[in-house]
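The chain contents come next:
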Amino acid sequence: VRPSRISLNNKYFGDNDPLDICEIGSTNVSKHEIGDIKKVKILGCLAMIDDGELDWKLLSIDINDKLSDKLNNINDVDIYMPNLLNNLKNWFQNYKLPMNKPINQFAFNGEWLNKDKAIEVIEECHERWKLLVSQTENENETNDYPTAYNTTLIDTPLYNKEPINLSLEDQFTGKDNNKPLEV
């Protein structure tokens, strides 16, 4: 969960989307399916500003990749995979142009940030997610978190084994403000 409170100098706030992780390496990605779970090593991050919202891009490598022992931080990527960081940043900057959206901007002068900053972002998001799923119904209505309930985390206050029947579009657009979003 990307909470809205994660901010950059109180100017840009998070987009409330899950964290984006871009995996790099020498392994053929066709060996994996979308949604596969695997262990990765975090290398760094990029603070992208997308439609006025902070959208962190984390960079990782599969721990089983043959380059994993050599890539331990963002600086190692330029050594073993020259031009990759510039090409990725260029792609992130321009990938919405075909949809008639503006060029994305970056914080920190467009620099890739090191592993420590990326882990700080992950930890902050994880702490906010834990607060979100542990809130009571009363807290749910009085804080700045989205209204939420869940059908998978049984030992949390907002657990509900009967899902509220909202279309996917209504869940994300908030069209029915009287019904909570599912997490």
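The preceding data block contains the structure.
In this report, the structure presented in the accompanying data block is examined. Keep in mind the model is a prediction, meaning the values are calculated, not measured.

Criteria and cut-off values
Residues numbered from 1 in each chain as written. Predicted model: local features only at pLDDT ≥ 70, side-chain atom pairs only at ≥ 80, totals over all residues. Heavy atoms only, no water. Helix = DSSP H or I, 4+ residues; strand = E, 2+ residues; numbered from the N terminus. Buried < 20%, exposed > 50% of the residue type's maximum accessible area, 1.4 Å probe, protein only. Contact = heavy atoms within 4.5 Å. Areas by Shrake-Rupley, 256 points an atom, 1.4 Å probe, with all protein chains shown as cover. Salt bridge = Lys/Arg side-chain N within 4 Å of Asp/Glu carboxyl O. 1 Å grid on protein atoms, 1.4 Å probe; cavity = no way out; pocket = protein on both sides within 12 Å on 5 of 7 lines; lining within 4 Å. Points joined across faces, edges and corners; volume = space filled by probe spheres on them. Nonpolar A, V, L, I, M, F, W, Y, C, P; charged D, E, K, R; others polar. Phe/Tyr/Trp six-rings, centres within 6.5 Å; stacked < 30°, edge-to-face > 60°.

Some points on the overall build of the protein chain
Tallying secondary structure elements over the protein chain gives five helices and nine strands in all. Listed by position from the N terminus, the elements making up the protein chain come as β-β-β-β-β-α-α-β-β-α-α-β-α-β. Relative to its full complement of 183 residues, the protein chain shows a buried share of 34%. Of the contacts made within the protein chain by residues no fewer than 6 positions apart, 56% connect residues no fewer than 24 positions apart. Approximately 11,600 Å² of the protein chain is accessible, and the part contributed by carbon and sulfur atoms is 49%.

As for the pattern of salt bridges
In the structure shown here, the tally under the stated rule is seven salt bridges. Residues Glu23 and Lys38 are paired through a salt bridge, measuring 2.8 Å at the closest nitrogen-oxygen approach. With Glu23 in strand 3 (residues 20–24) and Lys38 in the loop between strand 3 and strand 4 (40–50), the pair connects residues that are 15 residues apart, well separated along the chain. Take Glu23: its relative accessible area is 31%, and that puts it in the partly exposed class. Taking the relative accessible area as the measure of exposure, Lys38 reaches 28% and is therefore partly exposed.

Overview of the layout of surface pockets
Considering only enclosed or pocket space, the second largest pocket measures out at about 290 Å³ in volume. Lining the second largest pocket are 11 residues, with Ile21, Glu23, His32, Asp36 and Lys38 positioned closest to its centre. No other element matches strand 3, which puts three residues into the lining of the second largest pocket. Looking at the lining of the second largest pocket residue by residue, the classes come out as four nonpolar, three polar and four charged.

So, the packing of aromatic side chains
Per the stated rule, a full pass over the model turns up three aromatic pairs. Ring geometry for Trp91 and Phe92: centres 5.4 Å apart, planes at 70 degrees, overall edge-to-face. Judged by relative accessible area, Phe92 falls into the buried class, the value being 8%. Grouping aromatic residues by their ring pairs yields a cluster made of Trp91, Phe92 and Tyr95.

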